[in-house]
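Working through the structure, step by step
Residue-level listing of the chains:
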Amino acid sequence: MWSSKKIREISLKGFVCGLVFFSGCMVNATENKRKIVSETAVSQDNKDVLQWVNPFIGTTNFGATNPGAVCPNGMMSIAPFNVMGSDTNKYDKDARWWSTPYEYTNSYFTGLAHVNLSGVGCPDLGSLLLMPTTGALDVDYHDYGSAYHDEKASPGYYSLFLDKYGIKVETTATKRTSCTRFTFPQGKGNILLNLGEGLTNESGSYMRQVSNNEVEGMKLLGTFCYNLQSVFPVYFVMRIEKPNLTATYWKKQPKMTGVEAEWDATNGKNKLYHSYTKDIAGDRIGIAYSFDTQEEEQVIVRMGVSFVSMANARENLDAEQKTKQVQTASFDQLRQQAEDAWRQDLNRIQVKGGTNEQKTVFYTALYHCLIHPNILQDVNGQYPMMESAQIGTTNGNRYTVFSLWDTYRNLHQLLTLVYPERQMQMVQSMVNMSKEHGWLPKWELFGRETLTMEGDPSIPVIVDSWMKGLRDFDVEAAYATMYRSATAPGKENLMRPDNDDYLKLGYVPLVKEFDNSVSHALEYYIADYALSQFADSLGKKADAKRFYKQSLRYKKYYSKKDGTLRPLLPNGDFVTPFDPQQGENFEPSPGFHEGTAWNYSFYVPHDIKGLARLMGGKRHFIDRLQHVFDAGLYDPANEPDIAYPYLFSYYPDEAWRTQKLVKELLAKNFTTQPDGIPGNDDAGAMSAWAVFSMMGFYPDLPGVARYTLTTPTFDEIIIKLNPKWMDGQDSLIIRKTDKVKRLKSYQISHKTLIHEGTLSIPKAPKK
């Protein structure tokens, strides 16, 4: 999504999925030897799934993931921040567009960032920077940052060793809190909390000392993708388990000129407040705690966060860092809890066979699929209501970070199948947002609508879940909101601002040289098709007919001359001149967002056979689709064309192309290296493509309960199903077979898939 795609390199009706056990590697990356190695020897007999997760995958090549500590779908994450402060870094957050707190090739650490986004294309969050130092206090991050080595990451845990100070840094997480352990050398130590820096484009923060070792406050976040009004506060409480602390506030003073500047020795510098202990606020403020340490002394820092209040942040901290005996949990106990949570979630899919590298790719991808959306409510159930100053209360989980333009295509389908109880609450969250705000989310972030990207992406997500049996939500309220976004005039339509032309003309015309008119319309067609299916299932036959008819108007964009979709002017004429390859590598392109006409021309998944007829029939369709891959026009790092390999299988005698391409694309674009994701992970969308593809089936038509089959990567995949949501079924097994057999269909319904029990997928023969 928006800047989310970087360096370009780049079926059987009624089958299944599966599960397995694995073993693997922890990551050890050193500054001198920036290479992923195994902390322990890997063997096929090792059964701990966590060893197959490498959090460093996707941390370069603009993958925008980070190796920090987080729990599954947790509010809190703690990531190393190494994108500011030194010319030794290759990438700096202030020197270019930058959307992640961590870059694998960088080497200058300036703290641990609390609450982060994973795999997104716009900067936000990545603040509350916690940094240990030794010696005289220095609060300038250009000075106090450090090179590092012995960097390690595994699910729920991150650590490194700071060269400059001889300090070992370790951190772990609960759902809403962090626990960090610093191991100091003998001498004077400092712990700094910097509220002035981070990834967010917003400024402004506040804090107050509660006691000698506790501070509370807030930091303003937001302005995601330059949406200036989409701001929100994060509240925090931080405790340091160390006696005899000396606290010092700091604030960066504004640069003054003239006579006024002569009276202030800290003009334009960081001003230290050694004896002031009340409240402080400003754009660039922080607090430092200084103390004496013995050799190898460990100092624990605990932080709770909330998006409601400081009181809730404290309640979160108190509730989640206690043992069953109501004692404060140790760092190791909290790490164990985080690991157990990941182990339980990842073991819902078990795989047998395949190489160590393939298992690592698979489980790391599954790990990345379970970071967002994440919970928003506090332990007392409170959360910030959508686009409101009001506070709501939920009995279940309220989710946030809905990067729906990315995730409506595959991530939510994965959650529906493997984690349906979670997906059900995500759907409930989306519907409740519409009740609070009047609209379903497009790209929601901590209770604010950022309006990033285009389309009406909540519709296919909710309809897809409904069609697969997840129906525990206010259906009529959901339908009413969908109907509103599909029919309301553009001037009052938050989801479809160009709806007037779309409804009147059947397409969105190009009115500015580089607008995204075709991309907008294609998303509306897909949403309308899903809405037509929803309406039909609810007995709203007239609506179903109307929206289905609207969904087929994509044909107006088809140019026989070019063999692609082509932007249209308001008078119905095609845009001239026209180059279907314009738009590569983020070059501006008339009508298309983040892509070319080739990336979009097959993106009508609801009418592939109709598109083939437009192109002159099956043979022309297959040849043109194959040309996309042969000519290097396929983009594996952006969403509109990622399902292209599966379109061959709409014709059973061409399914071999799907199987061949999926295998090749997996091998080329998904590896165990830091650049092992082809671009922004997009909140798990790229990883979901890999998970589905390696399991042997893919949801290429959002909003419809079916999958297209391909050859699984593993010999056997076992998926643990939730019987409550899967018609009483508790498992699904998919097996790869060496048999060569052509199936009558390479598409399978969701219902058939979960009832199949065991499914063997043969290789498709060539003609």
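It should be emphasised that the depicted structure is a prediction, and the values quoted were computed from it without experimental measurement. (Residues numbered from 1 in each chain as written. Predicted model: local features only at pLDDT ≥ 70, side-chain atom pairs only at ≥ 80, totals over all residues. Heavy atoms only, no water.)

This part takes up the packing of aromatic side chains. Tallied over the entire structure, the rule returns 40 aromatic pairs. Judged by centre distance (5.9 Å) and plane angle (75°), the rings of Phe-62 and Tyr-91 are edge-to-face. Residue Phe-62 is located in the loop between β2 (37–38) and β3 (69–70), and its partner Tyr-91 is located in the loop between β4 (77–80) and β5 (112–114); the two are separated by 29 residues in the primary sequence. The class for Tyr-91 is buried, based on a relative accessible area of 12%. Ring geometry for Tyr-646 versus Tyr-698: centroids 4.8 Å apart, planes at 15°, classification stacked. With Tyr-646 in helix α17 (residues 644–647) and Tyr-698 in strand β30 (residues 697–698), the pair connects residues that are 52 residues apart, well separated along the chain. Summarising the burial analysis for this pair, Tyr-646 and Tyr-698 share the class buried. A connected cluster of aromatic rings, assembled from ring pairs, spans Trp-466, Phe-473, Tyr-479, Tyr-483, Phe-534 and Phe-547. The residue whose ring lies beneath Arg-484 is Trp-439, and the NZ or CZ to ring-centre distance is 3.9 Å. Stacked on the ring of Tyr-651, the Lys or Arg Lys-609 has its end atom at 4.9 Å from the ring centre. (Phe/Tyr/Trp six-rings, centres within 6.5 Å; stacked < 30°, edge-to-face > 60°. Helix = DSSP H or I, 4+ residues; strand = E, 2+ residues; numbered from the N terminus. Buried < 20%, exposed > 50% of the residue type's maximum accessible area, 1.4 Å probe, protein only. Lys NZ or Arg CZ within 6 Å of the ring centre and 35° of its normal.)

Time to look at unusual backbone geometry. Working note: non-glycine residues mostly have negative phi, and peptide bonds are mostly trans. In this structure, the amide linkage connecting His-372 to the following residue, Pro-373, adopts the cis form with an omega of -10°. Mapped onto the elements, Pro-373 comes out in the loop between α5 (356–369) and β21 (374–375). A cis amide bond links Thr-576 with the next residue in sequence, Pro-577, at an omega value of -5°. As for its position among the elements, Pro-577 is in the loop between β29 (564–565) and α14 (597–600). Backbone geometry at Leu-125 places phi at a positive 55°, although glycine is not the residue there. With respect to the helices and strands, Leu-125 occurs in the loop between β5 and β6 (127–134). The buried category is assigned to Leu-125, whose relative accessible area is 0%. The phi angle at Asp-727 is positive, at roughly 55°, despite the residue not being glycine. Considering the arrangement of structural elements, one finds Asp-727 in the loop between β32 (716–720) and β33 (731–740).

A word on the pairing of strand β9 (residues 167–173). Of all 7 residues in β9, 6 are buried; the element is thus mostly enclosed. Counting the residues that bridge the hairpin from strand β8 (residues 157–162) to β9 gives 4 residues, and of these Gly-166 lies at a positive phi of roughly 70°. Of the strand pairs in this sheet, β9 and strand β10 (residues 177–184) are connected by 6 bridges, and their pairing is antiparallel. Looking across to β10, one finds that Glu-170 is bridged to Arg-181. Between β9 and β10, which pair antiparallel in sequence order, lie 3 residues. (Pairing = 2+ DSSP bridges.)

Let's shift gears to the nonpolar core. Formed by 209 residues in total, the largest nonpolar core has its most connected members in Phe-473, Phe-602, Phe-621, Met-695, Phe-697 and Ile-719. The element that contributes the greatest number of residues to this core is helix α12 (residues 517–537), accounting for 11 residues. Among residues more than four places away in sequence, those in contact with Phe-602 are Ile-608, Leu-611, Met-615, Phe-621, Arg-624, Leu-625, Val-628, Tyr-644 and Leu-647. (Core = buried A, V, L, I, M, F, W, Y, C linked by side-chain atoms within 4.5 Å. Contact = heavy atoms within 4.5 Å.)

Now for the sheet that holds β33. Pairing in this open sheet of 4 strands is mixed, and the strands run β20-β32-β33-β35 from one edge to the other. Two strands close off the open sheet at either side, each with one partner strand: β20 (349–352) and β35 (758–763). With direction set aside, neighbouring strand axes in the sheet form an average angle of 20°. Of the pairings in the sheet, the one linking β33 to β35 comprises 5 bridges and is parallel in character. Residue Val-740 lies in a different strand from β35, and its bridge partner there is Lys-763. (Axes fitted to C-alpha atoms, helices over the stretch in contact; angles between N-to-C directions.)

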